[in-house]
Amino acid sequence: MTDITTFLSVEQAAERILSVFEPLDAIEVPLDRSLGMVLAADVIAPHDVPLNDNSAFDGYALHAADIASASEQSPVRLQVVYDLQAGFVGDAPVSRGQAVRIMTGAPVPEGADTVVGFESTDREDWGKFGTDPRGDSVQDRSFVTVLEVEEKGENIRLAGEDIAQGQMALPKGTELRPGAIGVLASLGYGRVPVHRRPVVAVIPTGDEIIEVTDPISPGKVRNSHAWGLESLVRHHGGAPRRWSIVPDDIDAVRENLRAAAEVSDLMLTIGGVSMGDYDLVKNVVGTHGNVDFWQIAMRPGKPLVFGEIDGTPIMGLPGNPVSGLVVFEQFGRPAVRKMLGFTKLRKPTVEAVLKQGVYGKRGRRIYARVKVERVDGGYECWPTGEQGSGIMSSMAKADGLAIISEHGGSVPAGETVAVQMLDWPDVD
């Protein structure tokens, strides 16, 4: 353990926190519960997708050589030998001079080497809205006249052109977004191997805290911080468990933290880590666990206890809600994402011109809550109001966090700053 009175830089703190975490063990989950999770194993295709050559159009499967000279001035008439809808296979090969009326997705019958869309034939519109598309015409359906040339192989989706049998369809580490889930469904995966979601205990502390539905009274504040933090953990893929409010009692703090350590992958405490007489969380972590560091050169969020109790990592967040949410964005979110199996852990930034000056302080990196707007190919930003660490509305209105360097000072309007975008996907 190092001297906990040392102020770490944001980068030093992030490196030390992330070094503690690894992707969690693999489990299988139903496909419909896998959105946003990360594959824990390579997926090898058990069969071709599509399984057969199939039609990309509603039209006619035929021999390209039969219609090599087709045009409206010189149409080609072919015998229609049967209809073929999606989900069925042809019951006979297609000979020269013949065609099969085929629907999109149906396997191309033996002998046919191209598909001509209905719009390139004399087919009447049997599919008017509100009518039976199979029988609302007196046209003789046993023949079709082709009015345009189609090259051999046109409008046919080849077997395996999406995914070939034996191919790695999705590598380990893939985030399961809708497209990836569609691929898994096409390969018959009803259950998927993924890294499990980390269980994150959210533990509010303090005699001044009351639940959100309790009547407010002087000296009390509602448990908004825990609710916001719980939502943020869930938003980034974790499985939060919001703890009951723990009073300012050393025994209660100790018992609750040790109980949470037994069932969690990470504990987030709220309050009790600053320098007051009733800041008991840091006392318990220091006495019954191990403390790695305590303070970071940032604002908001200077006091952050990081350590472990009974082998479970703990982040003791400041009590002020904006401080806690900003600290979680910088350190808790990457830890949760790493446990989920993600390798991209850094939030993207853009360069934006300040429309209103932002306060800075040498020796502290400032994270100012800002609105961001795209203007003339670039970005502008402005503070979301007062920047006090207890003003939750400043987070509610924010698109990003303007980063003011600890090596400078206040930044006037018209200057360009880096803005960490809150809801953009992570980058390398």
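Keep in mind it's a predicted model, so treat the numbers as computed, not measured.

Counted according to the given criterion, the structure contains three aromatic pairs. Note that Arg123 overlies the ring of Phe118, its terminal NZ or CZ placed 4.1 Å from the centroid. The cationic tip of Arg242 hangs over the ring face of Trp227; the distance from NZ or CZ to the ring centre is 3.9 Å.

We now examine the pairing of strand β25 (residues 400-404). Taken across its five residues, β25 has four buried, putting it largely inside the fold. Sheet topology note: the β25/strand β26 (residues 416-421) ladder contains four bridges and is antiparallel. Within the sheet, the bridge partner assigned to Ile403 lies in β26 and is Ala418.

It is worth spelling out the sheet that holds strand β9 (residues 143-146) at this point. Overall, mixed pairing links the five strands, which are arranged β8-β5-β7-β6-β9 in an open sheet. The strands lining the two open edges of the sheet, one partner per strand, are β8 (114-117) and β9. Taking each pair of neighbouring strands and ignoring which way they run, the sheet shows an average axis angle of 40 degrees. Of the strand pairs in this sheet, strand β5 (residues 59-62) and β8 are connected by four bridges, and their pairing is antiparallel. Within β8, the residue paired with Ala61 across the bridge is Val115.

If you check which residues of helix α1 (residues 10-18) are buried, you get Val10, Ala13, Ile17 and Leu18. Relative to the axis of α1, the buried residues are bounded by an arc of 120 degrees and lie together on one face.

Next up on the list: the nonpolar core. Core analysis: the biggest nonpolar cluster contains 41 residues, and Ile17, Leu268, Leu304, Met315 and Phe331 have the highest contact counts within it. Those elements that place two or more of their residues in this core are α1, β13 (199-204), α3 (224-235), β17 (266-270), β18 (290-296), β20 (303-309), β21 (312-317) and α6 (321-340). Broken down by element, the residue count for this core peaks at ten residues, all from α6. Beyond its immediate chain neighbours, meaning those up to four positions away, Phe331 contacts Val10, Ala13, Ala14, Ile17, Ile296, Met298, Leu304 and Met315.

This part is about the environment of Val253. Mapped onto the fold, Val253 is located in helix α4 (residues 250-263). Given the relative accessible area of 3%, Val253 is considered buried. When the C-alpha positions of Val253 and Val305 are compared, they lie 15 Å apart, and in sequence the two are 52 residues distant. For Val253, the contacting residues outside a window of four places in its chain are Val246, Pro247, Leu280, Val281 and Val284.

What follows covers the pattern of salt bridges. Close approach of charged atoms allows side chains with opposite charge to pair. Scanning all chains against the criterion turns up 16 salt bridges. Asp292 is the partner of Arg16 in a salt bridge, and the nearest nitrogen-oxygen pair spans 2.6 Å. Of this pair, Arg16 sits in helix α1 while Asp292 sits in strand β18, and the two are 276 residues apart along the sequence. Across the pair Arg254 and Asp251 runs a salt bridge whose closest N-O atoms are separated by 2.4 Å. Taken together, the residues span about one helical turn, with Arg254 and Asp251 both in helix α4 at a distance of three residues. Among the charged side chains, a network of salt bridges with common partners joins Glu11, Arg365 and Glu406.

Counted at 1.5 Å a residue, the expected span for α4 with its 14 residues is 20 Å, and the 21 Å between its end C-alpha atoms agrees. Buried residues of α4: Ala252, Val253, Leu257, Ala260 and Ala261, and no others. Along the long axis of α4, the arc covered by the buried residues comes to 160 degrees, so they all point the same way. Facing away from the buried side of α4, by more than 90 degrees, are the exposed residues Glu255 and Glu262. On the buried face of α4, the contacting elements are β13, β17, α5 (281-288), β20 and β21. Sitting at the amino-terminal end of α4 is Asp249, which places a side-chain oxygen 3.2 Å from the backbone nitrogen of Asp251.

The next subject is the sheet that holds strand β16 (residues 239-242). The strand order across the open sheet formed by seven strands is β1-β18-β20-β21-β17-β13-β16, and the pairing between neighbours is mixed. The open sheet has two edge strands with one neighbour each: β1 (7-8) and β16. Looking at chain direction, β1 and β18 are connected through two bridges and run parallel. Bridged to Leu8 within β18 is Ile296. Packed onto the sheet, α3 meets β13, β16, β17 and β21 and runs at close to 165 degrees relative to β16. Sitting on the sheet, α5 is in contact with β17, β18, β20 and β21, with an inclination near 35 degrees to β20.

Parameters and conventions
- Residues numbered from 1 in each chain as written.
- Predicted model: local features only at pLDDT ≥ 70, side-chain atom pairs only at ≥ 80, totals over all residues.
- Heavy atoms only, no water.
- Phe/Tyr/Trp six-rings, centres within 6.5 Å; stacked < 30°, edge-to-face > 60°.
- Lys NZ or Arg CZ within 6 Å of the ring centre and 35° of its normal.
- Buried < 20%, exposed > 50% of the residue type's maximum accessible area, 1.4 Å probe, protein only.
- Helix = DSSP H or I, 4+ residues; strand = E, 2+ residues; numbered from the N terminus.
- Pairing = 2+ DSSP bridges.
- Axes fitted to C-alpha atoms, helices over the stretch in contact; angles between N-to-C directions.
- Arc of directions from axis to C-beta.
- Core = buried A, V, L, I, M, F, W, Y, C linked by side-chain atoms within 4.5 Å.
- Contact = heavy atoms within 4.5 Å.
- Salt bridge = Lys/Arg side-chain N within 4 Å of Asp/Glu carboxyl O.
- Expected span 1.5 Å × (residues − 1).
- Polar contact = N/O pair within 3.5 Å; in protein donor to acceptor, adjacent residues only side chain to side chain.

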